[in-house]
Amino acid sequence: MSVRLQNLWRVRAQWLAPFFLVILAAIPRFIALENLPPDALNQDEAVDLYDAYSILRTGRDHRGNFLPLHLAAFSDVRDNRTPLFTYASVPAAALFGLRPLAVRVVSAATGVATVLLVYAIALRLFKDRRAALAAGVFLALSPWHIFLSRAGFEPITVPFFLALGTWFFLHALDGNRRAWYGAAIAFAVGMYAYAPVKVAIPLWMFFLLAAFRNEIRVHRLPIFRAAFLFLLMVAPFAVDHILHWEAVQGRYNEVSVFTYGKPWPLYFLANYASHFSAVFTNPRSLSLAEAIGFIFGIVALITARRESQMARRLLFGWLVIAPLPAAMTSISPHTLRSAAILPAFAIVEAIGFLFALRMARALPRRIVVPAFAALLFLIAARDANFYVSSGFPFTISTFHARGYQSMSAFLREHGAAYRRIVVITDREKYSYLQPYIFFLVYLQYDPKIFHDGPVQRIYDELGWQHVTSFGRFMFCDLPRCLERTEATLFIAPRAIAENVPNSRIVFSNAYLSAFTVGAVALTATGEPAD
């Protein structure tokens, strides 16, 4: 083979692994993305989608705030959503409109990109394409990461920006001066991504500068410039936080370890430790195959040769720092708040996999084959039933949101017959439920009309706001809103609707029913449900 052909083959081989990882990662993240689960959006997806659509159409979020740096969403004193994911969804909203795909495709694409970044980081750390490919495969097939990649909200951005900034940092250590600015930009943009990164990114940056202080001494001038760029980009976010401190801290104050009356140091330590105990006990965190790879990976890093010191420092630092923000809140490990640890898990698992293969080659086949068969059995026994029965990671929690899409289709066709549409809620049982946002999305309600109101909101005892009316819609509990009015259509969960005296159901789906009370509606609105 000529030198030219050898070089061409080498170049193609370099791109073959990333291409394979893109395909492997894209299949579970994009397949049936809009239809799993059917007829449902998660409530957080719905508000992100409508905010993106509202910004696209009016330059304001759905509450009427002009290009906000934090999104009030469901409360101007409690909710504190970071803006990056919503703004990133604006182009998708322009392309797909008010469809679940508009927010989910952003998550799926971010998830695939993160797989490539983990491959690139592992390749830089170990100079071994097998290790890099294994790291990419572990993240591509990670149930936890697949779940985050299919849900249309912010947490998927956390591992992406941490990995992107780290990749630039490693390139900067190799002498690429421009990479310092890339790292600064990646970490600064990441600060706008999701609430926990406001802690994770500064801690991670401090760790990188401290752990690699000997390597970065020759880069002082570009580091100072990059630091100034980082501060300049983060300044608007910081000023917004100072001006609206109570609002942006509202959600954290609700879930903080300091608010539960427990000895917070012990609470924090228990939460922190749970991230690693979950390796063995929680299939939502790691499958058994990942857990075994992680254990071998820790052993491999501890016993690694001197030339692997950089990888050992970086990965152990990542594993130590990533759980800290989530450990400061009430539920740990948290599928969303703990996402920063995912790239480190994948790389450690890959090293553990290769380490276990090397050990297996040194053992007799009569030992390796039965051990491998027993391992497959354990993986199937522990994980298969959970993943099949729960639908994880291909479905998200939408049980309280189902039925609104088909109900909205009914209203588009027959809703003009009614002067008022009353949605019966049960805030005592579902205090977090915000049904108005589903009607805004599925009815493709004009954001400008919603802004111009009137929109009535009330606060609950925790500070969350609930829309009680907009346009022809009212939202209230059954005893307070049930009236015998001919031009009123009631919408309620089926179990409630079927037990309302003197009612006539005019439409039902598997979750909700539309009915009238008393006299028949002024005009025909469809056939009674079977």
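As a starting point, this report considers the structure included with it. Small disclaimer: the values here were computed from a predicted structure and weren't measured.

Conventions used here
- By convention here, each chain's residues receive numbers from 1 onward along its written sequence.
- Totals for whole chains, interfaces and linings use all residues, but because this is a predicted model, local features are given only for residues with pLDDT of at least 70 and pairs of side-chain atoms are given and counted only at 80 or more.
- Here the side-chain values reflect all heavy atoms present in the structure, with hydrogen atoms and water set aside.
- By definition, any uninterrupted DSSP run of H or I lasting at least four residues is a helix, any uninterrupted run of E lasting at least two residues is a strand, and each is numbered from the N terminus.
- Burial classes follow relative accessibility: with a 1.4 Å probe on protein chains only, a residue under 20% of its type's maximum area counts as buried, one over 50% as exposed, and anything between as partly exposed.
- We call two residues in contact when some of their heavy atoms are within 4.5 Å.
- For every accessible area listed, the method is Shrake-Rupley and the probe measures 1.4 Å; residues are considered covered only by the protein chains on display.
- A helix is expected to span 1.5 Å for every residue after the first.
- Two N or O atoms count as a polar contact when they lie within 3.5 Å, although within protein this holds only if one can serve as hydrogen donor and the other as acceptor, and sequence-adjacent residues are included solely when both atoms are side-chain atoms.
- Each salt bridge in this description consists of a side-chain nitrogen of Lys or Arg and a carboxyl oxygen of Asp or Glu lying within 4 Å of one another.
- The aromatic pairing rule takes the rings of Phe, Tyr and Trp, using the six-membered ring of Trp, and pairs them if the centres are within 6.5 Å, calling planes under 30 degrees apart stacked, those over 60 edge-to-face and the rest tilted.
- Within this scheme a cavity is a closed region of a 1 Å grid, computed over the protein atoms alone, that accommodates a 1.4 Å probe without allowing it to escape, whereas a pocket is open but has protein on both sides within 12 Å along at least five of seven lines; lining residues each have an atom within 4 Å of a point.
- Grid points are joined across faces, edges and corners, and a volume is the space filled by probe spheres set on the points.
- Here the axes come from fitting lines to C-alpha atoms, over the contacting stretch only for helices, and the angles between their N-to-C directions go from 0 to 180 degrees.
- Relative orientations are named as follows: roughly parallel for angles under 35 degrees, roughly antiparallel for angles over 145 degrees, roughly perpendicular for angles from 65 to 115 degrees, and oblique for any other angle.
- Whether a crossing is left-handed or right-handed is set by the direction in which the near helix is turned from the far one by less than a right angle, anticlockwise for left-handed and clockwise for right-handed.
- Gly counts as polar in this scheme, as do all residues outside two lists: the nonpolar Ala, Val, Leu, Ile, Met, Phe, Trp, Tyr, Cys and Pro, and the charged Asp, Glu, Lys and Arg.
- Strands are labelled as partners when DSSP assigns at least two bridges between them.

Here's the deal with the overall build of the protein
Of regular secondary structure, the protein possesses 24 helices and 7 strands. For the protein, the proportion of its 530 residues judged to be buried stands at 52%. In the protein, of all internal contacts separated by at least 6 residues, the share reaching a separation of at least 24 is 75%. Here the protein displays about 24,500 Å² of accessible surface, and carbon together with sulfur accounts for 65% of that area.

Considering helix α6 (residues 129–140)
Over its 12 residues, α6 extends 16 Å from the first C-alpha to the last, a length consistent with the 16 Å expected when each residue adds 1.5 Å. Every buried residue of α6 is listed here: Ala-131, Ala-132, Ala-134, Ala-135, Gly-136, Phe-138, Leu-139 and Ala-140. For α6, the N-terminal capping position is held by Asp-128, with its side-chain oxygen 2.9 Å away from the main-chain nitrogen of Arg-130.

Some remarks on the environment of Phe-294
Here Phe-294 is to be found in helix α15 (residues 288–302). Note on Phe-294: relative accessible area 8%, which makes it buried. Considered as a pair, Phe-294 and Ala-350 are 56 residues apart in the sequence and their alpha carbons are 7.9 Å apart.

Notes on the environment of Glu-215
Residue placement: Glu-215 occurs in the loop between α10 (197–211) and α11 (220–243). Classification of Glu-215 by relative accessible area gives partly exposed; the value is 28%. With 41 residues separating them along the chain, Glu-215 and Asp-174 place their C-alpha atoms 9.4 Å apart. The contacts of Glu-215, once residues within four sequence positions are left out, are Leu-173 and Arg-313.

Brief notes about unusual backbone geometry
The omega angle of the peptide bond from Gly-453 to Pro-454 is 5°, so this bond is cis rather than trans. Of note, Pro-454 is situated in the loop between α22 (447–452) and β2 (455–459). Positive phi outside glycine occurs at Gln-444, with the angle close to 50°. In this fold, Gln-444 is placed in the loop between α21 (436–442) and α22.

Points about the pattern of salt bridges
For the structure on display, the rule yields 12 salt bridges. Linking Glu-34 and Arg-99 is a salt bridge whose minimum nitrogen-to-oxygen distance equals 2.7 Å. Pair noted here: Glu-34 is in the loop between α1 (3–30) and α2 (43–58) and Arg-99 is in the loop between α4 (90–96) and α5 (101–126), with a separation of 65 residues, a long-range link. With relative accessibility at 22%, the residue Glu-34 sits in the partly exposed group. A relative accessible area of 36% means that Arg-99 is categorised as partly exposed. Several salt bridges share partner residues, and in doing so they unite Asp-44, Asp-79 and Arg-81 into one network.

Structural notes on the packing of aromatic side chains
The relative placement of two aromatic rings is captured by the distance of their centres and the angle of their planes. Evaluation of the coordinates by the stated rule reveals 28 aromatic pairs. Between the aromatic rings of Phe-138 and Phe-353, the centroid separation amounts to 6.2 Å while the plane-to-plane angle is 70°, which identifies the pairing as edge-to-face. Separated by 215 residues along the polypeptide, Phe-138 in helix α6 and Phe-353 in helix α18 (residues 342–361) bring together distant segments of the chain. Here the aromatic rings of Trp-204 and Trp-318 are separated by 5.1 Å at their centres, their planes lie at 45°, and the arrangement is tilted. Highlighted residues: Trp-204 in helix α10 and Trp-318 in helix α16 (residues 309–321), separated in sequence by 114 residues. When sorted by exposure, Trp-204 lands in the same class as Trp-318, which is buried.

Comments concerning the layout of surface pockets
Its volume calculated, the second largest pocket comes out at about 570 Å³. Along the wall of the second largest pocket there are 19 residues; nearest its centre are Ile-292, Ala-356, Leu-357, Phe-372 and Leu-375. Examining the composition of the lining of the second largest pocket, we find that 7 residues originate from one element, helix α19 (residues 365–390), more than from any other.

Regarding the packing of α6 against α18
Across the interface, α6 lies against α18 with an axial gap of 8 Å and an inter-helix angle of 125°. One finds that α6 runs oblique with respect to α18. Crossing hand, α6 versus α18: right-handed. Within the contact between the two elements, α6 uses Arg-130, Ala-131, Ala-134, Ala-135, Phe-138 and Leu-139 and α18 uses Leu-342, Ala-346, Ile-347, Glu-349, Ala-350, Ile-351, Phe-353 and Leu-354. Grouping the constituent residues of the contact of α6 with α18 by class yields 12 nonpolar, no polar and 2 charged.

Quick look at the sheet that holds strand β6 (residues 503–508)
In space, the 7 strands of this open sheet follow the order β2-β3-β4-β1-β5-β7-β6, with mixed pairing throughout. Edge positions in the open sheet fall to β2 and β6, since each of these has one partner strand only. Pairwise comparison of adjacent strand axes, ignoring direction, gives a mean angle of 30° for this sheet. Pairing geometry for β2 and strand β3 (residues 465–470), over 5 bridges, is antiparallel. When the bridges of β3 are listed, Ile-458 appears paired with His-466.

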